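If you want the building blocks of each chain, they are given just below.
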Amino acid sequence: MAFIFSLLLVPLSPLSASELPMGAMDETPEVSEVLVRKEERRLYLLSGDQVVRSYRIGLGDNPSGHKLYEGDKRTPEGKYVLDWRNSNSDFYKSIHISYPNAEDREQASAWGLDPGGSIMIHGLPNEAGDMAFAFLGLDWTDGCIAVSNEEMDEIWQLVADGTPIRIVP
């Protein structure tokens, strides 16, 4: 029997690691969606409506509200797709979020601004070295979603390209 938790049973207190050790699952369920709850600073891997993994995250330096333009240091909100990955990232490994979508481009254009791009789920900076602990649990990115390198390895393994991601306040 796979150990799967209902979304309603996920603890609200932040943890520094995923809820279930990889070895605790008899079989790895297919991840059908990634859900990010910005206010909780949590990223959930879902199989249907069941949470199979949960991670504490760091967001952009200015985390409240939807990303409006390049350089605002906000993490976008909305429905996107995880569309490609980079194993040679400046931040350990990274998986690209399909921001900006048509609505994001239209909104930024109405203000005469560039919506930006290159929003990713990623690990820690490659040059973090002995200071890696200082990044965990803080909002330090330019708008991306950051996890530890170990957690990024799990996400990399469990989430396929083309998986939907929903980012909510």
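Residues numbered from 1 in each chain as written. Predicted model: local features only at pLDDT ≥ 70, side-chain atom pairs only at ≥ 80, totals over all residues. Heavy atoms only, no water.

1. Some thoughts on the confidence of the model for the chain
Put simply, the chain has an average pLDDT of 86, and 85% of its residues get 70 or more. Counting contacts from residues 1–18, a segment whose pLDDT is below 50, to residues more than four positions away or on other chains yields 38 contacts. (pLDDT = per-residue confidence, 0-100. Contact = heavy atoms within 4.5 Å.)

2. Considerations on helix α2 (residues 149–158)
All of the buried residues in α2 are Glu151, Met152, Glu154, Ile155, Trp156 and Leu158. Looking at the buried residues of α2, the elements they touch are β3 (42–47), β4 (50–56), β5 (78–86), β6 (94–97) and β7 (120–122). (Buried < 20%, exposed > 50% of the residue type's maximum accessible area, 1.4 Å probe, protein only. Helix = DSSP H or I, 4+ residues; strand = E, 2+ residues; numbered from the N terminus.)

3. Points about unusual backbone geometry
At the junction of Tyr99 and Pro100, the peptide bond is cis and its omega measures out at 0° in the coordinates. Tracing the sequence through the fold places Pro100 in the loop between β6 and α1 (102–110). At Arg41, a residue that is not glycine, the phi angle is positive and equals roughly 55°. Locating Arg41 in the fold gives a position in the loop between β2 (33–37) and β3.

4. A short note on the pairing of β5
Judged from the 5 bridges that link them, β5 and strand β9 (residues 163–168) form a sheet pairing that is antiparallel. Counted as the bridge partner of Tyr80 is Ile165 from β9. Pairing between β5 and β6: 4 bridges, direction antiparallel. Across the sheet, Trp84 pairs through a bridge with His96, a residue of β6. (Pairing = 2+ DSSP bridges.)

5. Concerning the environment of Val36
Mapped onto the elements, Val36 comes out in strand β2. Once residues within four sequence positions are removed from consideration, Val36 is found in contact with Arg42, Leu43, Ile57, Ile145, Ile165, Arg166, Ile167 and Val168.

6. Description of the pattern of salt bridges
This structure, assessed with the given rule, holds 9 salt bridges. Here Asp61 and Lys73 are joined by a salt bridge, their closest N and O atoms 3.9 Å apart. Linking Asp61 in the loop between β4 and β5 with Lys73 in the loop between β4 and β5, this pair joins segments that are 12 residues apart in sequence. Judged by relative accessible area, Asp61 falls into the partly exposed class, the value being 42%. A single network of salt bridges, built from pairs that share partners, joins Asp61, Lys73 and Asp142. (Salt bridge = Lys/Arg side-chain N within 4 Å of Asp/Glu carboxyl O.)

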